[in-house]
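Fold and geometry: a report
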Amino acid sequence: QVQLVESGGGLVQAGGSLRLSCAASGRTFSGYDMGWFRQAPGKERESVAAVTWRGGNTYYADSVKGRFTISRDNAKNTVYLQMNSLKPEDTAVYYCAARQAQTTYWGSRGSYDFWGQGTQVTVSP
């Protein structure tokens, strides 16, 4: 079992930045791919970014490429999502997720076994 707790959400103006953190506990963190997903009101949960367990590969949704950066610190059991140049359409609840390292498409929600409770990000115009 892996427990995930997100933090760092909040209200920011368009063009601003936020850094989300996801602290993991339980089973060893280093063997898990980590992903960030988001869900806006009335919409399905969508993939945002992911990083492989060794941190060697990162993946991004087209909508956030060039603006968001995912990283992880296995020594601290923490994964981060640096979000720059935020837009109102980035407003959503952001979720951290973990899965055992695999080659399944990184954006597949069903491939993730553990989820955090989410943190709200609101971007004002």
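Residues numbered from 1 in each chain as written. Predicted model: local features only at pLDDT ≥ 70, side-chain atom pairs only at ≥ 80, totals over all residues. Heavy atoms only, no water.

1. Thoughts on the packing of aromatic side chains
Enumeration over the complete set of coordinates arrives at six aromatic pairs. Between Phe37 and Tyr112 the ring centres are 5.1 Å apart and the planes differ by 80°, which places this aromatic pair in the edge-to-face class. Of this pair, Phe37 sits in strand S4 (residues 32–39) while Tyr112 sits in the loop between strand S9 (92–100) and strand S10 (114–115), placing them 75 residues apart in sequence. For Arg45, the ring lying beneath its charged end belongs to Trp115, and the centroid distance is 5.0 Å. Sitting above the plane of the Tyr112 ring, Arg99 keeps its charged end 5.0 Å from the centroid. (Phe/Tyr/Trp six-rings, centres within 6.5 Å; stacked < 30°, edge-to-face > 60°. Helix = DSSP H or I, 4+ residues; strand = E, 2+ residues; numbered from the N terminus. Lys NZ or Arg CZ within 6 Å of the ring centre and 35° of its normal.)

2. Considering the environment of Lys87
Secondary-structure assignment places Lys87 in the loop between strand S8 (78–83) and S9. Relative accessible area serves as the criterion here: at 35%, Lys87 is assigned to the partly exposed category. Linking Lys87 and Val123, residues 36 residues apart in sequence, is a C-alpha distance of 6.1 Å. Excluding residues that lie within four positions of it along the chain, Lys87 makes contacts with Arg67 and Val123. (Buried < 20%, exposed > 50% of the residue type's maximum accessible area, 1.4 Å probe, protein only. Contact = heavy atoms within 4.5 Å.)

3. Notes on the pattern of salt bridges
Tallying each qualifying case throughout the model produces six salt bridges. The partner of Arg38 in a salt bridge is Glu46, and the shortest N-O contact between them spans 2.6 Å. Arg67 serves as the salt-bridge partner of Asp90, at 2.7 Å between the closest nitrogen and oxygen. A residue pair is termed long-range when its members are at least 10 positions apart, and Asp90 in the loop between S8 and S9 and Arg67 in the loop between strand S6 (58–60) and strand S7 (68–73) qualify at 23 residues. As far as burial versus exposure is concerned, Asp90 and Arg67 are alike and both buried. By sharing partners, the salt bridges in this structure join Arg38, Glu46, Arg67 and Asp90 into a single network. (Salt bridge = Lys/Arg side-chain N within 4 Å of Asp/Glu carboxyl O.)

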